[in-house]
Amino acid sequence: MENEFIYIDHAATTPVHPDVLQAMQPYFIEMYGNPSSIHRFGQKARQAIDASRTRIAGLLSCAADELVFTSGGTESNNLAIRGTVTDSLGKHVITSTVEHHAVLHVCRELERLGCEVTYLPVNEQGMVKPEDVRAAIREQTALISIMYGNNEVGTLQPIEEIGTLAREHGIPFHVDAVQAPGNAELLLSRLPVDLMSLSAHKIRGPKGIGALYVRRGTQLQSQLFGGSQERKRRAGTENVASIVGFATAMELACEQTTRKHTWLASLRKLLIDRLIESMGSDSFVVNGHPQHHLPHIVNISFPGIRAETMLMNLDLEGIAASSGSACSAGSLEPSHVLRAMSLPESVQASAVRFSMAYDTTEKEILKIVKKIETIYHRLRIK
Ligand SMILES: Cc1ncc(COP(=O)(O)O)c(C=O)c1O
């Protein structure tokens, strides 16, 4: 039964790739040394970390010492924001209303500490306007934090333009790029970005490992106190096996991206076209930007059917999708992203996120369409 299930929730998390698991395995019971130890066990672990850091830096076109390993996207966002906005009182931060809670809730905490935060609005497609960023900049602005691609609706933000503005004003620019590797270009030699958050479990790596890119010259205060690991930027014995797994996952994510994007675009088109054919274009709405979006996320509302009802019915039919971010998926809270996009109430309440992987098949998409059609007619007729 489990095999017949279709997992279409890859923006929440992904299964670990067998090559990733294989690369990690020796670091649990053979090369288990503490990377800070002088002896050979320690040296082996240290070498594995150094090699992994170099591999990831090569893929991002940054220097190895610009990467700080963390426990994932949430910690990277916390470190980026709290580590740059140190004496919060009187400082100012610019972010957007559609960021992940791992950015928004850190900003709320900064506000409690006396910082002022501007939460920029987005248009109906979930996009921030660079002009709004320009207008929000003040003398006290200590950080601009805007995500690369939205995890609920997939909309890509104009980060090059925003980063260029930040540079003109000498303000550090942080980008939450957790959903981006393999799905969008991340060449840090080209992008005007100073801090960038990454997480392994969204790209077939293990959970609980990620990284923060910190451009040389960017002041960052460690948020954890203890040992001097990660050049004193993140204390704590390194998660060696997961770091090795993360590097392997990054390599897999960055392989053949053009082919993968073409495939994901064709699956997205198939899903939408078949839904139009079977249910008519009036039965649903596709949320997010029609062109500038992450290739793996399709957010669709079925007005009149609550998202939880659709998701429960899909699960009973063997399809695992989601209503947005994992944190709000367990609660009935409306999505802050859809609210920020000012979508009609009925669209907000009925949004379902389908997030594909490059090994998602046409057969799976066709089965999903069929199941949606059945559920839709069953629920609408009642
Ligand atoms: C855009 C974005 N930022 C941050 C996070 C948090 O990452 P992690 O689960 O690694 O803490 C997520 C995960 O849902 C995300 O999608």
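Since we're looking at a predicted model, the values are computed, not measured.

Calculation notes
- Residues numbered from 1 in each chain as written.
- Predicted model: local features only at pLDDT ≥ 70, side-chain atom pairs only at ≥ 80, totals over all residues.
- Heavy atoms only, no water.
- Near = heavy atom within 4 Å.
- Polar contact = N/O pair within 3.5 Å; in protein donor to acceptor, adjacent residues only side chain to side chain.
- Helix = DSSP H or I, 4+ residues; strand = E, 2+ residues; numbered from the N terminus.
- Nonpolar A, V, L, I, M, F, W, Y, C, P; charged D, E, K, R; others polar.
- Expected span 1.5 Å × (residues − 1).
- Buried < 20%, exposed > 50% of the residue type's maximum accessible area, 1.4 Å probe, protein only.
- Arc of directions from axis to C-beta.
- Contact = heavy atoms within 4.5 Å.
- Salt bridge = Lys/Arg side-chain N within 4 Å of Asp/Glu carboxyl O.
- Domains from an automatic or database assignment.
- Buried area = accessible area lost by both parts, 1.4 Å probe.

*Asks:* Help me understand the site of the ligand in this model?
*Replies:* Close to the ligand lie 13 residues, the nearest being Gly73, Thr74, Asp176, Ser199 and Lys202. Within the side chain of threonine 74, one N or O atom sits 2.6 Å away from an oxygen atom of the ligand. Contact between the ligand and glutamine 179: an oxygen atom at 2.9 Å from a side-chain N or O atom of the residue. The leading source of residues in the shell around the ligand is helix 4 (residues 73-84), at three residues. Within the shell around the ligand, the residues separate by chemical class into two nonpolar, nine polar and two charged.

*Asks:* Quick question: what am I supposed to make of helix 3 (residues 40-60) here?
*Replies:* Residues separated by three or four positions in an α-helix point in the same direction, a consequence of the helix having 3.6 residues per turn. Compared with the 30 Å implied by 1.5 Å per residue over 21 residues, the 30 Å span of helix 3 between its first and last C-alpha is a close match. Every buried residue of helix 3 is accounted for by Gly42, Ala45, Ala48, Ile49, Ser52, Arg53, Ile56, Ala57 and Leu60. End-on view of helix 3: buried residues confined to an arc of 160 degrees, all on one side of the axis. Facing away from the buried side of helix 3 by more than 90 degrees, the exposed set consists of Arg40, Thr54 and Gly58. Of the surrounding elements, those touching the buried residues of helix 3 are helix 2 (26-29), strand 2 (67-70), strand 7 (195-199), helix 8 (229-232) and helix 9 (240-253).

*Asks:* Hey, could you run me through the pattern of salt bridges in this one?
*Replies:* Where charged atoms from two side chains of opposite charge approach closely, those side chains can pair. One pass over the full model with this rule turns up 20 salt bridges. Across the pair aspartate 194 and arginine 215 runs a salt bridge whose closest N-O atoms are separated by 3.8 Å. Of the two residues, aspartate 194 is situated in the loop between strand 6 (173-176) and strand 7 and arginine 215 in the loop between strand 8 (210-214) and helix 8; the sequence distance between them amounts to 21 residues. Take arginine 215: its relative accessible area is 19%, and that puts it in the buried class.

*Asks:* I would appreciate a short explanation of the domain arrangement of the chain in the present structure.
*Replies:* Where interface size is given, it is often the accessible area lost as the parts come together that is meant. By domain assignment, the chain separates into domain 1 (2-14 + 256-381) and domain 2 (18-253). Using only C-alpha atoms to locate each centre, domain 1 and domain 2 end up separated by 28 Å. Overall, the association of domain 1 and domain 2 removes approximately 2700 Å² of surface from exposure, summing both partners, and the carbon and sulfur fraction of that is 52%. Linking domain 1 to domain 2 there are one salt bridge. For arginine 204, the salt bridge identified is with aspartate 359, shortest N-O distance 3.3 Å. Our count for the domain 1 to domain 2 interface comes out at 22 residue pairs in polar contact (both at pLDDT 80 or more). For the side of domain 1 that touches domain 2, the elements supplying multiple residues, two or more each, are helix 10 (257-279), strand 10 (297-301) and helix 13 (336-340). Here the side of domain 1 that touches domain 2 is composed, by residue class, of 14 nonpolar, 18 polar and three charged.

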